[in-house]
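Residue-level listing of the chains:
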Amino acid sequence: RLPTAIERLDRTVLTISSFAGMVLESMTRGHGWYFLETGRRVERALKAVDLLRHALVPWRDDETETLEAVLDVAASAMTYRSRYQTAMHPTLVLDLLLLDESNPRAVAFQLRRIVEYAERLPHRPGTAFSGALAPGTRSLARVQLAEVDDLAARAPGTPRASLATLLQQLGDDLTGFSDLLTRHFLTHAVPLTAM
């Protein structure tokens, strides 16, 4: 059973990778592409926020294995080693996976793209979606203003409170933005006033 499951997962990953490659290389940059990419970036940002929340907020005596696992899950272990050339440190991991706008796996990278792509989605001034960029812009500003040393700091035996607060805010903003996208683009109910 396990070999069959692994084989199916491998095929699924290959199919998804092929689709992503086709989207990147073959799809015209119209509204559909921007919508698809915005959704992908929201999902990736939410997953990264959840990963950091569950792995780096709680207290652990020795975080080395956790930090290595987080980098592996985020496909950023090689980037970390080549950039920092040092042992695992939470400040550096947070810098790479939360604040670095040049790392395609970082939350900041996703937020920058969300703002950029959402601006290109079709909307009319004065509609609910015309204010949709606020959560993305607010989240990007929060990340840009964050001090990585403050986020990584903690007292012995306690969780990282500043990091927990920031990640909660980012998660709330991203979820709200996702809900707004859904309501604006994917809900086709006819308003009662139009009947």
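Residues numbered from 1 in each chain as written. Predicted model: local features only at pLDDT ≥ 70, side-chain atom pairs only at ≥ 80, totals over all residues. Heavy atoms only, no water.

Caption draft 1: Expanded view of helix H4 (residues 77–84). Where H4 is concerned, the buried positions are Ala77, Tyr80 and Tyr84. For H4, the buried positions fall inside an angular range of 65° around the axis, keeping them on one side. Lining the buried residues of H4 we find helix H3 (64–73) and helix H5 (90–99). Following H4 by one or two positions, Gln85 adopts a phi angle in the positive range, close to 45°. (Buried < 20%, exposed > 50% of the residue type's maximum accessible area, 1.4 Å probe, protein only. Helix = DSSP H or I, 4+ residues; strand = E, 2+ residues; numbered from the N terminus. Arc of directions from axis to C-beta. Contact = heavy atoms within 4.5 Å.)

Caption draft 2: Examining the side chain of Asn103 more closely. Among the structural elements, Asn103 can be located in the loop between H5 and helix H6 (107–118). Residue class for Asn103 comes out buried when judged on its relative accessible area of 5%. Other than its neighbours up to four places away in sequence, Asn103 contacts Ser76, Leu96, Leu97 and Phe109.

Caption draft 3: Representation of the confidence of the model for the chain. Here the chain shows a mean pLDDT of 87. Residues at 70 or above account for 88%. Put simply, helix H1 (residues 2–26) is where the chain has its lowest mean pLDDT, 80, and H5 is where it has its highest, 96. (pLDDT = per-residue confidence, 0-100.)

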